Every structure is written in structure tokens, then in C-alpha cells.
Amino acid sequence: MLKPEYKPPPLNGVHQGFNLFAGVILPAISITLEATTHICANSFLDPIPSVWYLMLAIFIPVSQLHVWFTVKRGTTERLVLAGWLNALSLGVSIFYSIVFIPFLPLAAVPFIGIFSLLPLAPVLSLVAAIIQRHQLNQIAARAPQKFFVMRKVGLLTGLVLTAACIGLLELPAARTRYGLKLATSQSLETRAKGIHFLREFGSREYLLRACYGQKGGPIDFLIHVFTTQAGIDVTDAQEIYYRVTGEPFSSLRPQNTRWRLRSRDELDFDSDEKGLSLSKSRMYTKADAYGGIAYTEWTLVFSNESAHAREARAEVQLPPGALVSRLTLWADGAELEAVFAKRREVTDTYQQLRGPVLITTSGRDRILVQCFPVPAHSEMKIRIGITIPLLLEDLNTARLLLPHFINRNFRIPDEVTHSVRIESSTSISSASTAFMTTGFTADMFAHHGHIPEREMSNPRTSILIVRHNFPIWSKDPFQSGNFMIQQNYEARRPKHLYRLVLVVDTSAATPELIDELIAALASIPAALDFKLVVADAGGNSHNFIASGVKQASAFLSNATFGGGADNVPALLKACDLAIEKPGNNAIVWVHGPQPVELQTAKGLRWRWTTGGYGPLLYSLQTRSGSDQILKTLDGIDEVKSVARTDKFGVDFKRLLQRVTGQMTTIEWVRTSKKVDSLPYPNEGIQTSDQLARLWANDEVTRILAAKDESLNDAATMLAARYQLVTPVTGAVVSDQAQFAY
């Protein structure tokens, strides 16, 4: 018996036209508009937060186009493929239709043109898919055999597969949402579990989106609309990101330019300062090895490629004891010099007049530079003068360290390097291959190099300068009369140390150095009362204490490092341990940058500012970066910044030997006196007038160390007269600024 001849069902032209527009053309237009303009992501929700969601969305017009052609042919050829594609596109269309239900009223707004159709695109594509399903069923009904995919169970299978696919796409975000819920709990134990969970299973991309307050994906939106669950606060997200990764959230950027993470040097990490970059950097240093002084002028040119004026901001690490003594702005070809005055006054001037340049301190040996406005499609050029005391390695060698950025809101392109030139009257050398000797005469040696940004903080970039010992003096141009500054050196050992407390940060910035740290602990005298406090990234820093070098070494060798630790509780505990034992005690703090203030450090500052005694705190940072705790402790003389001049293990061991009195340190001593006549050449060597500024800075530090607020005005007046940026003064460039100094 012959089988009946297969006849295709008649086509409905209206249905085919609708299906082509609603199922193919309109979704393609919607996806293109969203992928290029991010109109929905910037306003309501991000329907395609990743490349996988983009592929899911593109699947709708592609699959429906294939089904459209299958229906047009009207044959059972490729009917199975068309059936599966239709079932899957139905599932995706249902998903996006539910997501866009709250925006359907926008389709009734006529003045937004084609954009009013965008919320309708998922619903219309769903209608087109249903019509196509009916058309495919008509074709299958006339076919000799039955197809599984065209049955109800086949359709249900396709929908389940679609749901499973969306579930897999949402799994990283779902895990991260769960971890964030735990990490924001009121319970310390639950928060610690949440941080640990996020380190193991969380999505860095999802965390970053929360840090920048970006709109969530489709599931986030549905949770927000159809439940009472509130979104995570941006500040909380930023703190959690640091705890999870040990890095500032600003070091990376989420998918603003889809669909990958980008590092800081690929973009401006501050979302408010897009288009800012450093276009030129020139650093000229004149070093006087005999006088133990160097003066650096750092010229910076900022470029703004955006259509709006921007503010350039940077934190700069200065060499130990260095200070800003000059600030210049180029305006219309003229050089405008800064005014030095009380910190609050210069800050108010900058904020009220909106610029143009302000420098204040930002922690021990650190400054904050702010420049506004960097004009749209233009440049801003400034110069920072820095007076630097050379570090005495021994009586015949001094070391010059270079200032460098530790935080910034502008990018530095790969092709932009720091042009560094150093001149000295004596022989100079550096371990960095970026320098080359460009010339020398009988009384001048010079080094010049183009230093990449990543190398500026490398201890190898420092300069060693040969010197000889002579009595040093300079005129004091800031006082009337014959005042002279004299400088000599003293070999010093600290007072007998009764207790040493070591605070170790267990964040991700430290683990590669732990072997060097443990090895250096062996240099601590066995008889010394030694305590260890661990700043634990799990949030239990005050619970981990070890006594004695042996116990401390065993504890550190088994400690877990990762994420970002809150060092404040550990430092508070260390202060308690140092203060509870009478006598001269010290704290050594080994830590990475803490760019986020997880717990206020004001209580820590109070330990030094309200009492007559406070232990010395030596801060040894394992890598360059901004630290919120050091900012809070700005102006406290007991807080000492330890310069990195070698490998970490060498610097740490040398610090321990110095603190415990096993090693003599050579330090400069400066005095001022009024004289009837200046010394003869055979009575000493005259050095730069910058020596007077270093003496004045010593005096400002001495006055502030008294912790008597009634003396702050005297310190401010002295610093302003000698043009110094200190914890009580700043520098601002403004032709409208008028101060009484």
C-alpha cells in the first residue's frame, strides 16, 4: 500500500511577516542598541551582563530566522533542528519577557521613538515563537512519522534545558549573592564565613559591579522587584572586595566595555575621571652628598581627552624625612607659585574656588596632590619641589630615594615613562639598568634614565652617592639677621628595649615574604620580651597572639594568608601589650597596603594624642600602595615610616637589629644659631639653603610632638614661613588666596 504523498500546509503571509519582524528584526535591533549604547544597563538593569548572556540573547533572532526559513519551505527537512531551536527560543523569550514586564508601560510613551519598542521586543519575540510553534506542528502533523521534539514532552524538555542553561549562567552570581548576604551579617562569625565562602566560590566580576554600584543582571533585577531583599550598599561591597581579594576595588574595573576585567593602566580607575592621563613626567634632582641634601623638581603634565573638566588626584610616597617646599602651576605660559598656609585654610580655598592645585600630607612621608580643572581636551602642567635629606648608609655613602605614585585616578600609558636626571658633585651609582651615566666632569656626575612607572617604587631604582665628612652649614634666608644652620651627624642606639610587639598582616600582600620574615626573627635577642599579634584576614586578629620567637615562628609558618585583613584591631592589641609593660617598648608593623578603612583608626590615633607616652610604631610596608590607617595617623611623631632600600628580608632584619640596639644608626642633627660672621671655607662647607627648610621641619615636628594644641599655631607659622607642607600646613596655587603668613 502506497503512503499518502506529503503536502506542505499553506503559508499565512501575515504570520510570516510578523514573525520575521517580531522574532528576528526587532530583537536584532534591540540587542545591537543595548550592546552599543548600554541604554538599559545605565538606566534600569543590564540584560546582557556577560558575553554568555549576549550569546543567549543573540540566540533568539538567529534561531527564529532558521525556523522562519523552515516554515517557508514547508517540508520536514530539518524539522527536528527547527523544533529544538523553537523550544529553546521559547524558553529564552519567556525569561526576558518576565524580566521586562515592569517596563512594558514605556511602550505607550510615543516621544521616545524606536526606544519605546525595546521593552516589547521580548514579548513580541515570544508571540512570534508561539506562532512558529503552531506552524511547525502543522508541518509535523502532515509528516509520515512523529517527532519527539514536536510533542508536548519535547517542548517541556526544551524549556527545562533553557532554564538549566540560565541557571548555569547565574551560578557564579548566585554564589556571590549568598556570600555577600553572609558577609554583611551582624554576626562576626557569620561575616567571617561569608568572606571565606566568597574567596572560594565568589565571582570577582560580580563583586566589582557591586563596588561600582552598577545595575545588576536579569536575576538581580527580578529579586529586587519581586522580593523585599535590599541590594548591597556600595561601601559595604568595597570593604568586602578588599577582604576577599586583598586588593583595592579601584585596581580593576567591571564590564563597562564588555566583556572583560581591565586593569588600572588600561583605564581611569575612578569612574568620575574618565579620559585623564599623565602625558609627561620629568624629574630633575640636584644632590649634595657632603651636605646630605637633595632637591628634586618633579614636573607633571596631565592630559584630559574627555569633553568635561576633570580633577587629577594622586598620592605620592616621599623619601623618609622629605617635604614639599615648592609648588608651581603653568597658566597661560606664566608660572604661578603656591602659597603655604594653615592646612584648613588652603583646603577651604581649593574647595571654594575649585582649584587649581592643592598639596597636603596624607600620612608619614606621603602627600596628596589635587589638580582642578584639567580642561577638556587640554592639559595642565605643574611642578612639585621636594627637599630630601639623604639617608646615611655609613659615613662614606648616602642613599637617595625617588618619590613615586602610590595611588592615582589617572592612567599612565605604556609609552609614557618618567624622565629622571640626577646630578651630584661626587660619584653616583644605581642597581637599576634604567639609568646610564650620561657624563661627568671633575665636579659633576650625572645619571639619566627613562623609568617605567612600575619601577619607580623598586628599591633598585635608588641612588648611592659617595661622600666625605666635613662640617656643613648654610645661610638661613627665612630669618632676618645672620642666622646659620649647622648640620652634623650622630651615631645613635635606641634606649634599652623592654618589649617588642610584632604585628603581621596576613592579607594577600604578605605570604610570599613569610620565609624571609621568619628567618629575620632569629636576629631578635633571646632575652627580649617578644610578642606576636596577627592581623588576620578572617576578622579574628585580636585572638592570635604568640610569645617568644620560637612560638611566633611556628605560628607564622602555619598561618593562612589571603584576602585583605583589618589591621586596626591588631594594632590596638599591640598598643595594649606595649603599654602594659613599663619602660621603652616598640611596635613593628609588617603590612601590605590597606586602601579601605574597615574599622576606624581614630581610636588608635587617640592612644598617642591623649597621653604623654606612646610606643614607637615602625611601619614596614611589603609593597607600594595607599593605606588608610597611615593617613589617620598622620602627624604623630611616634609613627615611623621605614624606607624600602633592599629586599624585604634584608630591610626587616636591619630594622629589628636597629630597634633592639644591635645596630648603630647614623642620623643627621641640625641646629640654628645667630652669628656675627659666617664660617671661613676652612671651617666648613656651605651647602644649599634647603638645609634651613630641613631644620625648620625638625622644629615643627618637635613642637607637634609636645601634643599641646596651644602650640599648633606656632608650628603653623614656622612651616608657612619656610614654605613647607606639613601635617598642619599645605600649599595651594590661587591668585585669590590671601593668608596672614
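Residues numbered from 1 in each chain as written. Predicted model: local features only at pLDDT ≥ 70, side-chain atom pairs only at ≥ 80, totals over all residues. Heavy atoms only, no water.

Comments concerning the overall build of the protein chain
Then, in step 1: Along the backbone of the protein chain there are 19 helices and 30 strands.
Then, in step 2: The buried share of the protein chain, reckoned over its 741 residues, is 51%.
Then, in step 3: Excluding contacts between residues fewer than 6 apart, the proportion of contacts in the protein chain whose partners are at least 24 apart in sequence is 77%.
Then, in step 4: For the protein chain, the exposed area adds up to about 33500 Å²; of that, 56% sits on carbon and sulfur atoms. (Helix = DSSP H or I, 4+ residues; strand = E, 2+ residues; numbered from the N terminus. Buried < 20%, exposed > 50% of the residue type's maximum accessible area, 1.4 Å probe, protein only. Contact = heavy atoms within 4.5 Å. Areas by Shrake-Rupley, 256 points an atom, 1.4 Å probe, with all protein chains shown as cover.)

Quick look at the sheet that holds strand S12 (residues 391-394)
By way of backbone hydrogen bonds, the strands of a sheet pair with one another, either parallel or antiparallel.
Then, in step 1: A sheet is described by the order of its strands in space; here four strands give the open sequence S12-S13-S19-S16, paired in antiparallel fashion. In this open sheet, the two strands that pair with only one neighbour each are S12 and strand S16 (428-430). Across the sheet, the mean angle from the axis of one strand to that of its neighbour is 30°, orientation sign disregarded.
Then, in step 2: Strand direction decides the pairing type here: strand S13 (residues 397-400) and strand S19 (residues 463-466), joined by four bridges, are antiparallel. Its bridge partner being in S19, alanine 398 is matched across the sheet by isoleucine 465. (Pairing = 2+ DSSP bridges. Axes fitted to C-alpha atoms, helices over the stretch in contact; angles between N-to-C directions.)

Observations concerning the environment of valine 549
Then, in step 1: Tracing the sequence through the fold places valine 549 in helix H13 (residues 549-557).
Then, in step 2: In the structure, valine 549 is positioned 25 residues away from isoleucine 524 in sequence and 7.6 Å away in space, judged by C-alpha atoms.
Then, in step 3: Residues within four places of valine 549 in sequence aside, it is in contact with Leu521, Ile524 and Phe530.

As for the pattern of salt bridges
Then, in step 1: Taken as a whole and assessed by the stated rule, the structure comprises 29 salt bridges.
Then, in step 2: Among the ionic pairs, glutamate 337 bridges to arginine 383, the shortest N-O distance being 3.8 Å. You can see glutamate 337 sitting in strand S7 (residues 334-337) and its partner arginine 383 sitting in strand S11 (residues 378-389), a full 46 residues away along the chain.
Then, in step 3: Classification of glutamate 337 as partly exposed rests on a relative accessible area of 38%.
Then, in step 4: A residue is classified by how much of its surface remains accessible, and arginine 383, at 9% relative accessible area, is buried.
Then, in step 5: A salt bridge links aspartate 651 to arginine 654; the nearest nitrogen and oxygen atoms lie 3.3 Å apart. (Salt bridge = Lys/Arg side-chain N within 4 Å of Asp/Glu carboxyl O.)

Focus: the environment of phenylalanine 302
Then, in step 1: Relative to the helices and strands, phenylalanine 302 is located in strand S4 (residues 293-304).
Then, in step 2: Of the residues examined, phenylalanine 302 reaches a relative accessible area of 2% and is grouped as buried.
Then, in step 3: Measuring from C-alpha to C-alpha, the distance between phenylalanine 302 and serine 378 comes to 8.5 Å, with 76 residues separating the pair along the chain.
Then, in step 4: Apart from the residues lying within four places of it in its own chain, the contact partners of phenylalanine 302 are Ser277, Leu278, Ser279, Ala312, Cys371, Val374, Ser378, Glu379, Met380, Ile382 and Phe410.

Some details on the sheet that holds strand S8 (residues 339-342)
Then, in step 1: The strand order S8-S30-S9-S10-S5-S14 describes an open sheet built from six strands, whose pairing is antiparallel. Each edge of the sheet is formed by a strand with only one pairing partner; in this case those strands are S8 and strand S14 (404-408). Here the strands of the sheet are splayed against their neighbours by 25° on average, with no regard to which way each runs.
Then, in step 2: Where strand S9 (residues 357-361) meets strand S10 (residues 366-374), five bridges bridge the pair, whose relative direction is antiparallel. Of the residues in S10, the one forming a bridge with threonine 360 is leucine 368.

Considerations on the confidence of the model for the protein chain
Then, in step 1: Within the protein chain, residue pLDDT values average 86, and 88% of them lie at 70 or more.
Then, in step 2: In this model, residues 256-272 is a region of pLDDT below 50 whose contacts with residues beyond four sequence positions or in other chains number 61 contacts. (pLDDT = per-residue confidence, 0-100.)

A look at the packing of aromatic side chains
Then, in step 1: Using the criterion set out here, one finds twelve aromatic pairs in the structure.
Then, in step 2: Ring geometry for tryptophan 84 versus phenylalanine 148: centroids 6.2 Å apart, planes at 45°, classification tilted. Within this pair, whereas tryptophan 84 is found in helix H4 (residues 79-99), its partner phenylalanine 148 is found in the loop between helix H5 (121-141) and helix H6 (152-183), the two being separated by 64 residues in sequence.
Then, in step 3: Taking the relative accessible area as the measure of exposure, phenylalanine 148 reaches 40% and is therefore partly exposed.
Then, in step 4: Taking the centre distance of 5.5 Å and the plane angle of 80° together, the rings of phenylalanine 405 and phenylalanine 410 count as edge-to-face.
Then, in step 5: Residue classification places phenylalanine 405 among the buried residues on the basis of a relative accessible area of 7%.
Then, in step 6: Members of the aromatic cluster, each reached through a chain of ring pairs, are Trp298, Phe302, Phe405 and Phe410.
Then, in step 7: Sitting over the ring of tryptophan 330, lysine 381 keeps its end group 4.3 Å from the ring centre. (Phe/Tyr/Trp six-rings, centres within 6.5 Å; stacked < 30°, edge-to-face > 60°. Lys NZ or Arg CZ within 6 Å of the ring centre and 35° of its normal.)

Some points on the nonpolar core
Then, in step 1: With 51 residues, the main nonpolar core has Phe302, Ile382, Ile384, Phe405 and Phe410 as its most contacted residues.
Then, in step 2: Broken down by element, this core gets its largest block of residues, five residues, from S11.
Then, in step 3: In this structure isoleucine 382 touches Trp298, Thr299, Leu300, Phe302, Thr328, Leu329, Trp330, Val357, Val369 and Cys371, once residues within four positions along its chain are discounted.
Then, in step 4: If you look at the next biggest cluster of nonpolar residues, it comprises 29 residues, including Leu502, Ile514, Leu517 and Leu620. (Core = buried A, V, L, I, M, F, W, Y, C linked by side-chain atoms within 4.5 Å.)

Description of the pairing of strand S6 (residues 323-331)
Then, in step 1: Sheet topology note: the S6/S11 ladder contains seven bridges and is antiparallel. Residue pairing in the sheet places tryptophan 330 in a bridge with lysine 381 of S11.
Then, in step 2: Pairing of S6 with S7 involves four bridges; the strand directions are antiparallel. Following the sheet pairing, threonine 328 is matched in S7 by glutamate 337.

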